[in-house]
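Each chain, letter by letter, is given below.
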Amino acid sequence: ANTAALGGESGEQAGISIALADPYLVVGADEYLNRGRIQIFERTPGTNNWTLDDTSNPGLIGGSFDSGYGSSVAISNFGGPRIIVGAPRFNTTYS
């Protein structure tokens, strides 16, 4: 696996959530740059080699400050890969 992509930022909480639906692995980091992100890895068929999906590098980053994007993730391959990402603090008002 290309693990250099994980844990690149101090306090990002890489791995706070993970989901696996072969051949994909989704990893959440809900504090990445105070926005959160997910990264998608793909397993090479017939091997144990995992590579970072280039379309998610540096990751799909949440758009709202402190939204918690990536705090939970789910993936399904039913009907094609589908990913759901939690952002529990999205649209929270801070005073």
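Our subject is the structure that appears above.
Residues numbered from 1 in each chain as written. Predicted model: local features only at pLDDT ≥ 70, side-chain atom pairs only at ≥ 80, totals over all residues. Heavy atoms only, no water.

1. Some thoughts on the overall build of the protein chain
Looking only at helices and strands, one finds zero helices and seven strands in the protein chain. Beginning at the N terminus, the succession of helices and strands in the protein chain can be written as β-β-β-β-β-β-β. A burial count over the protein chain gives 34% of its 95 residues as buried. The contacts in the protein chain between residues at least 6 apart in sequence include a share of 42% that link residues at least 24 apart. Of the roughly 5600 Å² that the protein chain leaves accessible, carbon and sulfur atoms contribute 53%. (Helix = DSSP H or I, 4+ residues; strand = E, 2+ residues; numbered from the N terminus. Buried < 20%, exposed > 50% of the residue type's maximum accessible area, 1.4 Å probe, protein only. Contact = heavy atoms within 4.5 Å. Areas by Shrake-Rupley, 256 points an atom, 1.4 Å probe, with all protein chains shown as cover.)

2. A closer look at the pattern of salt bridges
Using the criterion set out here, one finds four salt bridges in the structure. Here Asp22 makes a salt bridge to Arg43, at a shortest N to O gap of 2.7 Å. On the criterion of sequence distance, the pair formed by Asp22 in the loop between β1 (14-21) and β2 (24-29) and Arg43 in strand β3 (residues 37-43) is long-range, its members being 21 residues apart. Residues Arg89 and Asp66 are paired through a salt bridge, measuring 3.1 Å at the closest nitrogen-oxygen approach. Pair noted here: Arg89 is in the segment after β7 (82-85) and Asp66 is in the loop between β5 (60-61) and β6 (73-76), with a separation of 23 residues, a long-range link. Residue classification places Asp66 among the buried positions, given a relative accessible area of 18%. Through salt bridges that share partners, Glu31, Asp66 and Arg89 make up one connected network. (Salt bridge = Lys/Arg side-chain N within 4 Å of Asp/Glu carboxyl O.)

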